[in-house]
Each structure stands twice: as C-alpha cells, then as structure tokens.
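So you can see what is in the structure, the chains are spelled out below.
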Amino acid sequence: DDFNPFTVPTLPQLMRELDEYEKSSNDDNGDDEDGANDGGSSSSNRKSKIEFDWQKTSLRGPFEHFQKQFLAPMWNELRRERRADAEERAAMTGDF
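Predicted model only: the values in this text are computed from it and were never measured.

### Topic: a nonpolar patch on the surface
Taken together, the side chains of Phe-66, Phe-70, Met-74 and Trp-75 define a hydrophobic patch exposed on the protein surface, amounting to about 430 Å² of accessible area. Take Trp-75: it is sitting in helix α3 (residues 60-93).

Here it is as structure tokens:
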C-alpha cells in the first residue's frame, strides 16, 4: 500500500462522521409511529460492538488492521515472555 497524505481523513471529516453516526444511532433508537420503541435489536447489536469513537469513523478499518497485524501479535509475544519468566522464577524457587 502506498501512503497518500491527501487521502487521509481530516479532523473536520472525522467530526462529521461521528455526528452522522450519532444522528443515525438516535434515529434507529427512536419511537415508531404508535409511540412504542421498536426494540432496536440491530442498532443495539451494532452499539454493543462499538467501544471507542474511532470505531464510528472511517478509521475503523485501518485501526482494526493495525490491531490484528501488529498489536495482537506483540501482546501475545509479551504474554508468552512473561509466562516463561514466571515459570522460570517458580522453578528456581520451587514455587509452582
């Protein structure tokens, strides 16, 4: 992939995306014509997966790729190293 600095999202664009997400989220959770809430199962499922504001924007794809390709392997390796160190210390002290 070639990086093009002219195609990255700008702060105003990200703010618009957040505003649009919130507006559509509020519209999805609104009452139907008889005043009863429709339950909003699809929007509640979508909201349950959203923890951070960046997940509501066009940054979601690149961030998730970064997490899966870089952060997750790094954390897994760090956990393996910590576990190996703890096991080594336990073996030396006899504390299993």
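### Here we look at the packing of aromatic side chains
Considering all chains together, one arrives at three aromatic pairs under this definition. With a centroid separation of 6.0 Å and 5° between ring planes, the pair formed by Phe-52 and Trp-54 is classed as stacked. Taking relative accessible area as the criterion, Phe-52 reaches 43% and is therefore assigned partly exposed. Residue class for Trp-54 comes out buried when judged on its relative accessible area of 19%. Feature note: the residues Phe-52, Trp-54 and Phe-63 constitute an aromatic cluster, connected by ring pairs.

### Considering the pattern of salt bridges
All told, the structure shown has five salt bridges when counted by the stated rule. Across the pair Lys-56 and Asp-53 runs a salt bridge whose closest N-O atoms are separated by 3.1 Å. Because the salt bridges share partners, they merge into one network encompassing Glu-22, Asp-53 and Lys-56.

The rules behind each value
- Starting afresh in each chain, residues are numbered from 1 along the sequence in its written order.
- Predicted model: local features are reported for residues with pLDDT of at least 70 only, side-chain atom pairs are reported and counted for 80 or more only, and whole-chain, interface and lining totals are derived from all residues.
- In computing side-chain values, all of the structure's heavy atoms are included and hydrogens and water are not.
- What makes a patch is a set of residues exposed beyond 30% relative accessible area and free of salt bridges, joined within 9 Å when like-charged and within 5 Å when nonpolar (Val, Leu, Ile, Met, Phe, Trp, Tyr).
- The Shrake-Rupley method, run with a 1.4 Å probe sphere, supplies the accessible areas, and residue values consider only the shown protein chains as cover.
- What counts as a salt bridge is simple: a side-chain nitrogen of Lys or Arg found within 4 Å of a carboxyl oxygen of Asp or Glu.
- Elements are defined by DSSP. Helices are runs of H or I of four residues or more, strands are runs of E of two residues or more, and each kind is numbered from the N terminus.
- Any two of the Phe, Tyr and Trp rings considered here, Trp counted by its six-membered ring, make a pair once their centres fall within 6.5 Å; the pair's planes then place it as stacked at under 30 degrees, edge-to-face at over 60, or tilted in between.
- Burial classes: relative accessible area under 20% of the type maximum marks a residue as buried, over 50% as exposed, and values in between as partly exposed (1.4 Å probe, protein chains only).

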